[in-house]
Amino acid sequence: MATSTYTVKGMTCGHCVSAVKSEIGKIDGVTSVDVDLATGAVRVDSAAPVTDSEITAAVDEAGYEVA
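All figures in this text were calculated on a predicted structure; none of them were measured in a lab. (Residues numbered from 1 in each chain as written. Predicted model: local features only at pLDDT ≥ 70, side-chain atom pairs only at ≥ 80, totals over all residues. Heavy atoms only, no water.)

Q: Quick question: what am I supposed to make of the overall build of the chain here?
A: Secondary structure assignment for the chain yields two helices and four strands. Listed N to C, the secondary structure of the chain is β-α-β-β-α-β in terms of helices and strands. Its C-alpha atoms give the chain a radius of gyration of 10 Å, near enough to 11 Å, the size a compact globule of 67 residues would have. Dimensions along the principal axes, computed over C-alpha positions, put the chain at roughly 30 × 20 × 20 Å. Buried positions account for 39% of the 67 residues belonging to the chain. Counting contacts in the chain only where the partners sit at least 6 residues apart, residues at least 24 apart contribute 60% of the total. Across the chain, the centroid of the 4 positively charged side chains sits 5 Å from that of the 10 negatively charged ones. (Helix = DSSP H or I, 4+ residues; strand = E, 2+ residues; numbered from the N terminus. Rg over C-alpha atoms; globule rule 2.2 N^0.38 Å. Buried < 20%, exposed > 50% of the residue type's maximum accessible area, 1.4 Å probe, protein only. Contact = heavy atoms within 4.5 Å. Lys, Arg positive; Asp, Glu negative; His and termini not counted. Charge placed at Lys NZ, Arg CZ, Asp CG, Glu CD.)

Q: Whenever I open this one, the nonpolar core confuses me. Can you help?
A: Nonpolar side chains tend to gather and get buried jointly when the protein is soluble and globular. Counting residues in hydrophobic clusters, the biggest one holds 21 residues, and the most contacted among them are M11, V20, I24, V42, I55 and Y64. Broken down by secondary-structure element, the contributors of at least two residues to this core are β1 (2-9), α1 (14-25), β2 (30-36), β3 (41-46) and α2 (52-62). Per element, the largest residue contribution to this core is five residues, and it comes from α1. Beyond its immediate stretch of four places on either side in the chain, I55 contacts Y6, I24, I27, V44 and V50. (Core = buried A, V, L, I, M, F, W, Y, C linked by side-chain atoms within 4.5 Å.)

Q: Please explain the UniProt feature "domain: HMA" (unreviewed entry) in the chain as it appears in this structure.
A: On the UniProt side, "domain: HMA" (unreviewed entry) is annotated at positions that read residues 2-67 here. In residues 2-67, the share of helix is 35% and the share of strand is 35%. The end C-alpha atoms are 20 Å apart. (UniProt positions renumbered as here; feature names shortened; annotations may be inferred.)

Q: Before we go on, may I ask you to explain the pairing of β3 in this structure?
A: Remember that side chains alternate between the two faces of the sheet whenever the strand is regular. Sheet topology note: the β1/β3 ladder contains six bridges and is antiparallel. Bridge pairing in β3 links T5 to R43. Examined bridge by bridge, β2 and β3 share six bridges and lie antiparallel to one another. Within β3, the position partnered with V30 by the bridge is S46. Once β2 ends, the chain turns through four residues before running back antiparallel as β3, passing G40 with a positive phi of about 80 degrees. (Pairing = 2+ DSSP bridges.)

Right under this line is the structure:
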């Protein structure tokens, strides 16, 4: 199991959190996504390492930006 933490900019509400969790959750191997709206911290747990570019692409798809 691998865990990575990212900071996402632009999230302002619960819908934002849901969108980011949903897009990252679509990545193969991701087992859980925890988002802290107040800090922008996103913790991703996965069965195998997930690349930063996969996370960045998913966050971009949700309409936000990895800091």
